[in-house]
Amino acid sequence: MSEIQAQATELASQYIAQVTGDLERNAKEQDRIGQEIEALQEQLRALQHDHTVLVNIQQALGSASPAAGADTAAAPSVPHQASAELKQSKPKKAPATGAKKTASKKPAAKASSVKASETAAKPTLVELIRSHLKQESEPRSAAEIAAALTQAHPDRSVKTTVVRTTLEGLVAKSHAHRAKQGSSVFYTAAAPSDPAPAEPQQEAAAG
């Protein structure tokens, strides 16, 4: 019985050693294949990214090329040619992105020129207030002027406090007159001949 037990024990130990070795080899093979899959997936993602960029550039340029479309469409379906396809796609990408940048600069330049022209075309608040005062035959308060400008120019933010400050500045420069009626202050446009008689008075005061 002892010899049979010894043989069984030895056989069991051999099986254990073999199974252990097989498990180690299996685990190593899984790791190797997993790393290869990750590498192929990374290459596939790079190819898909290049394909998307090239398609966008092709649409932007408006020149559809059947040959290029066939090459880029076939690239994701051939993982084992990933490295070769990557080398071919890199030289295509450089000039294409340059063209894309050139194409994108034109709308930006146009937009900036449009904004500049719009800014230049818009009159300043001082000009709007002076023009409004010249058109009005009766004195107007700062609140009335602000309301009128807001209605005439809904795209602009016209505040009564800013209008009042601007009006006071015009009064200081003799471009407008201020008249107080009770607790209210009203403004009118200065006549073109108003500043003229002020000069001799200033000279007389200086002399």
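Relevant structure appears above.
Parameters and conventions
- Residues numbered from 1 in each chain as written.
- Predicted model: local features only at pLDDT ≥ 70, side-chain atom pairs only at ≥ 80, totals over all residues.
- Heavy atoms only, no water.
- Helix = DSSP H or I, 4+ residues; strand = E, 2+ residues; numbered from the N terminus.
- Buried < 20%, exposed > 50% of the residue type's maximum accessible area, 1.4 Å probe, protein only.
- Areas by Shrake-Rupley, 256 points an atom, 1.4 Å probe, with all protein chains shown as cover.
- Salt bridge = Lys/Arg side-chain N within 4 Å of Asp/Glu carboxyl O.
- Pairing = 2+ DSSP bridges.
- Contact = heavy atoms within 4.5 Å.
- Expected span 1.5 Å × (residues − 1).
- Core = buried A, V, L, I, M, F, W, Y, C linked by side-chain atoms within 4.5 Å.
- Axes fitted to C-alpha atoms, helices over the stretch in contact; angles between N-to-C directions.
- Parallel < 35°, antiparallel > 145°, perpendicular 65-115°, else oblique.
- Arc of directions from axis to C-beta.
- Left-handed = near helix turned anticlockwise from the far one by under 90°.
- Nonpolar A, V, L, I, M, F, W, Y, C, P; charged D, E, K, R; others polar.

Trainee: Explain the overall build of the protein chain residue by residue, including any values.
Mentor: Across its full length, the protein chain holds seven helices and two strands. Start at the N end of the protein chain and walk to the C end: the helices and strands fall as α-α-α-α-α-α-β-β-α. In the protein chain, which comprises 207 residues, the proportion classed as buried is 16%. As displayed, the protein chain offers around 15,100 Å² of accessible surface, 57% of which is attributable to carbon and sulfur atoms.

Trainee: Give a detailed account of the pattern of salt bridges, specifying residues and quantitative values.
Mentor: This model, assessed by the stated rule, comprises seven salt bridges. Across the pair glutamate 29 and arginine 32 runs a salt bridge whose closest N-O atoms are separated by 2.3 Å. On the criterion of helical spacing, the pair formed by glutamate 29 and arginine 32 is a turn pair, its members being three residues apart in helix H1 (residues 2–61). Residue classification places arginine 32 among the partly exposed residues on the basis of a relative accessible area of 37%. Across the pair glutamate 138 and arginine 140 runs a salt bridge whose closest N-O atoms are separated by 3.8 Å. Classification of arginine 140 as partly exposed rests on a relative accessible area of 22%. A single salt-bridge network, built from bridges that share partners, covers Glu29, Arg32 and Glu36.

Trainee: Give a detailed account of the pairing of strand S2 (residues 184–189), specifying residues and quantitative values.
Mentor: Pairing analysis gives six bridges linking strand S1 (residues 176–181) to S2, with the strands arranged antiparallel. In the sheet register, arginine 178 faces S2, and the bridge partner there is tyrosine 187. Connecting S1 to the antiparallel partner S2 that follows it, the hairpin turn spans two residues, and glycine 182 within it adopts a positive phi of roughly 70°.

Trainee: Can you tell me about the side chain of serine 141, naming the residues and giving the values?
Mentor: Inspection of the secondary structure puts serine 141 in the loop between helix H4 (125–135) and helix H5 (142–152). When its relative accessible area of 15% is taken as the criterion, serine 141 is described as buried. Apart from residues no more than four positions distant in its own chain, serine 141 is found in contact with Val185 and Phe186.

Trainee: Tell me about H1, and please be specific about residues and values.
Mentor: Under the 1.5 Å per step criterion, the end-to-end length of H1 is 88 Å for 60 residues, consistent within 8% with the ideal 88 Å. When we look at burial in H1, the residues that qualify are Gly21, Leu47, Asp50, Val53, Leu54 and Ile57. Directly beyond the C-terminal end of H1, a positive phi value near 70° is found at glycine 62.

Trainee: So, unusual backbone geometry: which residues are in play, and what are the values?
Mentor: Positive phi, normally seen in glycine, also occurs at serine 174, with a value near 65°. Locating serine 174 in the fold gives a position in the loop between helix H6 (160–172) and S1.

Trainee: Break down the nonpolar core for me, citing the residues and quoting the values.
Mentor: Ile129, Leu133, Ile145, Leu149, Val158, Val163 and Leu167 are the most contacted members of the largest nonpolar core, which totals 14 residues. Secondary structure elements with two or more residues in this core: H4, H5 and H6.

Trainee: Any details on the packing of H4 against H5? Residues and values, ideally.
Mentor: One way to put it is that H4 packs onto H5 with a least axis distance of 11 Å and a crossing angle of 110°. When the interaxial angle is binned, H4 and H5 end up roughly perpendicular. Contacts from Leu125, Leu128, Ile129, His132 and Leu133 of H4 reach H5 at Ile145, Ala148 and Leu149.

Trainee: Which residues make up H5, and what values do they have?
Mentor: Among all positions of H5, only Ala142, Ile145, Ala146 and Leu149 are buried. Angular distribution of buried residues about the axis of H5 spans 100°; they occupy a single face of the element. Residues of H5 that are buried sit in contact with H4, H6 and S2.

Trainee: Please give an account of the packing of H5 against H6 that cites residues and values.
Mentor: When two helices pack together, their arrangement is given by the angle between the helix axes and the distance between those axes. Running from amino to carboxyl end, H5 crosses H6 at an angle of 115°, the nearest separation of the two axes being 9 Å. The hand of the H5/H6 crossing is right-handed. Contact residues: Ala142, Ala143, Ile145 and Ala146 in H5; Thr160, Val163, Arg164 and Leu167 in H6. The residue inventory of the contact of H5 with H6, partitioned by class, reads six nonpolar, one polar and one charged.

Trainee: Requested: an account of the side chain of histidine 132, with residues and values cited.
Mentor: Relative to the helices and strands, histidine 132 is located in helix H4. In contact with histidine 132, not counting residues within four places along its chain, are Ile145, Ala148 and Leu149.

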